[in-house]
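Each chain is listed here by its residues.
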Amino acid sequence: MLTAATLTRVVSAALEEDAPWGDLTSVTLIPADATATADLVAREPGVFSGGEVFTAAFTLTDPSVVVDLHVGDGDEFTPGDVLASVSGPARSILTAERVALNFTQRMSGIATLTSAYVRAVEGTNARIADTRKTTPGLRAFERHAVLSGGGSNHRFSLSDAVMAKDNHLAVLTRSGIDVASALREALTRLPHTTHVVVEVDRLDQIQAVLDGGAHTVLLDNFSLDDLRAGVALIGDRANAEASGGVSLETVGDIAATGVDVISVGALTHSARALDLGLDVRIA
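What this report covers is the structure whose coordinates are included nearby. (Residues numbered from 1 in each chain as written. Predicted model: local features only at pLDDT ≥ 70, side-chain atom pairs only at ≥ 80, totals over all residues. Heavy atoms only, no water.)

Structural notes on the overall build of the protein
Alright, step 1. Helices and strands together make up the secondary structure of the protein, namely 11 helices and 12 strands.
Alright, step 2. Principal-axis analysis of the C-alpha atoms gives the protein an extent of 70 × 35 × 25 Å.
Alright, step 3. The proportion of buried residues among the 283 residues of the protein is 47%.
Alright, step 4. Summarising the internal contacts of the protein: among those between residues at least 6 apart in sequence, 71% fall at separations of at least 24.
Alright, step 5. When the accessible area of the protein is evaluated, it comes to approximately 13900 Å², of which 53% is carbon and sulfur surface.
Alright, step 6. Where the 21 positive side-chain charges of the protein centre and where its 36 negative ones centre are 6 Å apart. (Helix = DSSP H or I, 4+ residues; strand = E, 2+ residues; numbered from the N terminus. Buried < 20%, exposed > 50% of the residue type's maximum accessible area, 1.4 Å probe, protein only. Contact = heavy atoms within 4.5 Å. Areas by Shrake-Rupley, 256 points an atom, 1.4 Å probe, with all protein chains shown as cover. Lys, Arg positive; Asp, Glu negative; His and termini not counted. Charge placed at Lys NZ, Arg CZ, Asp CG, Glu CD.)

This is how it looks when you write it as structure tokens:
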């Protein structure tokens with residue numbers, strides 16, 4: 001979740017990184033009393049995300065800077081659209097410009113890519129979800145962008161849900177513990193609200209996971225035929241989630257197998273930053 005505390009902490013760190021001892025160029029070239037107005041302009045089409053982050057980059061630099069957002073997170077835009085306007089002391093605007101753009105371009109790129117995946121599964125019951133394959137320190141921003149694009153968030157961190165993946169299962173097997181027993185024992189110690197997900201990579205692993213009481217069975221890198229068979233085997237005993245090998249070209253066929261969720265790491269680890277510019281108005 002993009003909280004006020006996270007917003008302030010992450011943006012402040014980015015501003016300090018970019019101008020640790022001040023903006024040498026602006027301080028030496030720009031008069032202290034100069035003011036400016038600048039527009040955030042789209043150079044290409046997309047879906048907007050990061051309005052709060054864009055605003056914070058300027059207001060944390062200088063509270064006297066005024067930011068007017070003309071679109072909201074999740075809104076679509078076309079080339080030439082003015083997405084926001086900024087006015088105030090010129091030095092402050094120039095100092096915060098790069099940080100504001102870096103965040104907004106990145107977040108809008110994720111929202112735009114997510115929106116494309118969501119459109120590709122329209123007409124099915126599948127939800128598009130992100131993963132923990134996020135930029136360290138920027139997870140809250142990137143996952144907010146996924147929501148802006150119409151996607152869903154998976155567990156936010158290791159503390160939020162039980163998710164047993166291939167390496168967890170390998171350790172259990174090496175320890176001589178069967179999966180069903182381990183799951184049943186875990187469920188006796190977990191709060192009743194805790195969700196349990198188990199990843200499998202073969203059809204013959206599913207029954208043990210169901211017997212153990214998992215809430216979601218994650219079908220990893222399954223063929224389309226095996227996905228259909230897995231969904232049939234799972235039935236209404238658990239949610240069926242697909243992951244691995246998911247692209248814009250394949251996601252529609254994966255959704256058509258009947259899975260409930262498709263988790264896509266590419267939403268955050270491979271999204272391209274959109275081309276947005278901050279143009280100072282020249283009177």
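Quick notes on the sheet that holds strand β11 (residues 261–263)
Alright, step 1. Reading across the sheet, the six strands line up as β6-β11-β10-β9-β8-β7 and stay open at both edges, with parallel pairing between neighbours. Each end of this open sheet is capped by a strand with a single partner; those strands are β6 (127–129) and β7 (162–164). Geometrically, the sheet is characterised by an average inter-axis angle of 25 degrees between neighbouring strands, direction not taken into account. (Pairing = 2+ DSSP bridges. Axes fitted to C-alpha atoms, helices over the stretch in contact; angles between N-to-C directions.)

Looking at a negative patch on the surface
Alright, step 1. A grouping of E52, D73, D75 and E76 is seen on the molecular surface, where their side chains present a negatively charged patch.
Alright, step 2. Tracing the chain through its elements places D73 in the loop between β3 (66–69) and β4 (76–77). (Patch = residues over 30% accessible without salt bridge, like charges linked within 9 Å, V, L, I, M, F, W, Y side chains within 5 Å. Salt bridge = Lys/Arg side-chain N within 4 Å of Asp/Glu carboxyl O.)

Let's talk about the pairing of strand β1 (residues 35–42)
Alright, step 1. Taken across its eight residues, β1 has six buried, putting it largely inside the fold.
Alright, step 2. Pairing of β1 with strand β5 (residues 82–89) involves seven bridges; the strand directions are antiparallel. Looking at β5, one finds that A38 is bridged to V86.

Observations concerning helix α1 (residues 4–18)
Alright, step 1. In a regular helix each residue adds 1.5 Å, so 15 residues correspond to 21 Å; α1 covers 21 Å between its end C-alpha atoms and thus fits that length.
Alright, step 2. Turning to α1, its buried residues are T6, L7, V10, V11, A14 and L15. The buried residues of α1 occupy an angular sector of 150 degrees when projected down its axis, which confines them to one face. Exposed residues lying more than 90 degrees from the buried face of α1 are A5, R9 and E16.
Alright, step 3. In the core, the buried residues of α1 are packed alongside α3 (51–61), α4 (90–120) and α5 (139–148). (Expected span 1.5 Å × (residues − 1). Arc of directions from axis to C-beta.)

Things to note about the nonpolar core
Alright, step 1. Ranked by size, the top nonpolar core spans 73 residues in total, and within it F58, F141 and I262 carry the most contacts.
Alright, step 2. With 10 residues, the single largest contributor to this core is α4.
Alright, step 3. Ignoring any residue separated from it by four or fewer positions in sequence, one finds I262 in contact with V121, A126, R127, I128, A129, A242, V246, V251, I254 and A255. (Core = buried A, V, L, I, M, F, W, Y, C linked by side-chain atoms within 4.5 Å.)

Comments concerning the pattern of salt bridges
Alright, step 1. Under the counting rule described, the total for this entry stands at 11 salt bridges.
Alright, step 2. Between D130 and R143 there is a salt bridge whose closest N-O contact spans 3.2 Å. Of the two residues, D130 is situated in the loop between β6 and α5 and R143 in helix α5; the sequence distance between them amounts to 13 residues. In this structure, D130 and R143 share a single accessibility class: buried.
Alright, step 3. Residue D201 pairs with R202 through a salt bridge whose shortest N-O separation is 3.8 Å.

Digging into the layout of surface pockets
Alright, step 1. Of the pockets and cavities examined, the largest pocket occupies roughly 370 Å³.
Alright, step 2. What lines the largest pocket is a set of 23 residues, among which T131, K133, K165, S243 and S263 lie closest to the centre.
Alright, step 3. Broken down by class, the residue content of the lining of the largest pocket amounts to five nonpolar, nine polar and nine charged. (1 Å grid on protein atoms, 1.4 Å probe; cavity = no way out; pocket = protein on both sides within 12 Å on 5 of 7 lines; lining within 4 Å. Points joined across faces, edges and corners; volume = space filled by probe spheres on them. Nonpolar A, V, L, I, M, F, W, Y, C, P; charged D, E, K, R; others polar.)

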